[in-house]
Amino acid sequence: MKTIAFYDAKRYDREYFDKVNNNRFHIRYFESKLNADTVSLAKGADAVCAFVNDDIGAEVLDKLVELGISIVAMRCAGYNNVDIKSAYGRVHVVHVPAYSPYAVAEHAMGLLLALNRKLHRAYNRTREHNFSLDGLMGMDLHGKTIGIIGTGRIGRVFADICKGFGMRVVAYDPFPVANAPFEYVSVDELCRVSDVISLHCPLTKDTYHIINEDSIAKMKDGVYLINTSRGSLIDSQALMNGLKSGKIGGAGLDVYEEESDFFYEDYSNKILRDDRLAALISMPNVILTSHQAFFTQEAMSAIAATTLDNLWAYFKGGPLPNEICYRCSSGTCKKSENSRCF
Ligand code: NAI
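Please read these numbers as outputs of a predicted model, since none were measured by experiment.

Undergrad: Would you take a moment to explain the layout of surface pockets for this structure?
TA: The gaps left among the atoms become clear once a water-sized probe is rolled over them. Put simply, the second largest pocket is a space of about 260 Å³. What lines the second largest pocket is a set of 16 residues, among which Val 52, Asn 53, Asn 80, Glu 257 and Ser 260 lie closest to the centre. In the lining of the second largest pocket, the residues fall into 3 nonpolar, 7 polar and 6 charged. Residues from two domains meet in the lining of the second largest pocket; each of domain 1 (3-99 + 297-338) and domain 2 (101-288) gives at least three.

Undergrad: Teacher, can you tell me more about the site of the ligand here?
TA: Close contacts around the ligand come from 23 residues, with Tyr 99, Arg 153, Ile 154, Asp 173 and Thr 228 the closest. Contact distances for the ligand include 3.0 Å between a nitrogen atom and a side-chain N or O atom of Asp 254. The class makeup of the residues in the shell around the ligand is 11 nonpolar, 8 polar and 4 charged.

Undergrad: Which parts of the structure should I look at to understand the packing of aromatic side chains?
TA: By convention here, two paired aromatic rings are described through the distance between centres and the angle between planes. Under the counting rule described, the total for this entry stands at 14 aromatic pairs. Seen from their ring centres, Tyr 314 and Phe 315 are 5.1 Å apart, and the 75° between their planes marks the pair as edge-to-face. The class for Tyr 314 is buried, based on a relative accessible area of 12%. One aromatic cluster in this structure is built from Tyr 12, Phe 51, Tyr 264, Phe 294 and Phe 295. Lying over the aromatic face of Trp 312, Arg 24 brings its terminal NZ or CZ to 5.8 Å of the ring centre.

Undergrad: Which parts of the structure should I look at to understand the sheet that holds strand β2 (residues 25-29)?
TA: Adjacent strands of a sheet pair through backbone hydrogen bonds, lying either parallel or antiparallel. The 5 strands lie next to each other as β2-β1-β3-β4-β5, forming an open sheet whose pairing is parallel. The open sheet has two edge strands, β2 and β5 (92-94), and neither has a second partner. Strand-to-strand, the axes of this sheet are offset by a mean angle of 25°, without reference to chain direction. Bridging between strand β1 (residues 2-6) and strand β3 (residues 47-50) involves 3 bridges; their strand directions are parallel. Note that in β3 the partner of Ile 4 across the bridge is Ala 47. Those strands touched by helix α11 (residues 297-316) are β1, β2, β3, β4 (71-74) and β5, and its axis lies near 160° from that of β4.

Undergrad: Looking at this structure, how should I read unusual backbone geometry?
TA: For residues other than glycine, phi is negative in most cases, and the peptide bonds are mostly trans. One non-glycine residue with positive phi stands out, namely Asn 23, at about 55°. Mapped onto the fold, Asn 23 is located in the loop between α1 (11-21) and β2. A positive phi angle is found at His 291, which is not glycine, with a value near 45°. Positionally, His 291 belongs in the loop between β12 (286-288) and α11. The class of His 291 is buried, set by a relative accessible area of 6%.

How each quantity is defined
Every chain is numbered independently, its residues counted from 1 as its sequence is written. Since the coordinates come from a predicted model, pLDDT governs what is reported: local features require at least 70, and pairs of side-chain atoms require 80 or more to be given and counted, while whole-chain, interface and lining totals use all residues. Working from all heavy atoms in the structure, the side-chain values ignore hydrogens and water. Buried and open spaces are told apart on a 1 Å grid over the protein atoms alone, a cavity being a set of points where a 1.4 Å probe fits but cannot get out and a pocket being an open set with protein on both sides within 12 Å along at least five of seven lines. Residues with an atom within 4 Å of a point are the lining residues. Grid points are joined across faces, edges and corners, and a volume is the space filled by probe spheres set on the points. Here the term charged refers only to Asp, Glu, Lys and Arg, the term nonpolar to Ala, Val, Leu, Ile, Met, Phe, Trp, Tyr, Cys and Pro, and the term polar to all other amino acids, Gly among them. A domain assignment, automatic or from a database, supplies the domain bounds used here. For this description, a residue counts as near a given molecule or strand if any of its non-hydrogen atoms is within 4 Å of it. In the analysis that follows, any N or O atom pair within 3.5 Å is treated as a polar contact, provided that within protein one partner can donate a hydrogen and the other can accept it, and provided that, for residues neighboring in sequence, both atoms belong to side chains. Centres within 6.5 Å make a pair out of two Phe, Tyr or Trp rings, where for Trp the six-membered ring is used; the pair is then stacked when the planes are under 30 degrees apart, edge-to-face when over 60, and tilted otherwise. Only protein chains enter the area calculation, which uses a 1.4 Å probe; residues under 20% of their type maximum are buried, those over 50% are exposed, and those in between are partly exposed. Here, over-ring charges are defined by two tests on the NZ atom of lysine or the CZ atom of arginine: distance to the ring centre within 6 Å, and angle to the ring normal within 35 degrees. Pairing between strands requires that DSSP locate at least two bridges from one strand to the other. Strands here are runs of E lasting at least two residues and helices are runs of H or I lasting at least four, both read from the DSSP assignment and numbered beginning at the N terminus. In this description, a line fitted to the C-alpha atoms serves as the axis of each element, helices being fitted only across the stretch in contact, and the angle between N-to-C directions of two axes falls anywhere from 0 to 180 degrees. Working rule for contacts: check all heavy atoms of both residues, and any pair within 4.5 Å makes them a contact.

Structure representation (structure tokens):
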């Protein structure tokens, strides 16, 4: 039986992975995140299972090769934390491309609704028997323009949800979908016309800080920003400046640039050693959740099933449709001939 070294394991991971395992694998759960200091825990394992805030850079990959491990199974869609160029030819990388776009898109709308109608503040007020409405006014979303950056699986579900609210949807994506029920515009135009901007693109070198001082300057005064994708899509200092000046009316964030040290951990008894994060959380017009947009029963079931199926297919020598490599998008990946990237 093959052994999986499972990093950054939480109680709910064990619950869902054990449920679908069916004695196919021996899973060694580690609470530590995967990084250069913890990679040696994988000694003796055949595979590694990692998550969004693990560090699978060149150093970790070198060590995995030394340990004889040739596959990393990401139990998530994004893989910006994997050095896929360094992995190529040595370590196969599989991921879960789609588990529930609804989970993430619904969370994005949840953030927008809470932010716009100040539900987080109203909840706290009424608990203290304060029934005043001062400062709680929102706007109708109906008739407003939402700008969606990235119209893949999640972005398109989010567009449908927004249409259901009667919003006008504009979008930017370098690979537009044909016959989309919304209008594609440039990023500049999207910034100019949108009342709300929501990010649904992956983090790549092209999208790093796609929201920055310049793009914020082009936005409407009072724009709401929603980010359920990856923290580094937004330059956090520019966001802070925009919030302080009032240019940005509010931000709903499920991700944060420097989240890896904090998210998924309980810091309630400690001092938060990130002044920017502390300042953002303290703002009444910022709602921050801890990278939880994916976190539904349906998504967790699908993540566990696909991750273990990916590993099963790998060890059985079968095709790996969910493998990724740095050549996949350039058209020079060998998957179409070999069923595997290399
Ligand atoms: P997807 O691969 O289906 O769609 C991504 C879209 O972004 C594609 O249409 C692609 O063409 C577009 N894109 C690529 N480069 C772009 C650019 N420079 N500008 C604008 N668009 C660009 O991915 P999916 O499933 O929709 O997920 C999107 C992102 O959501 C993931 O990359 C991940 O970072 C994030 N995510 C967050 C979760 C959470 O719990 N907060 C859970 C799952 C995904």
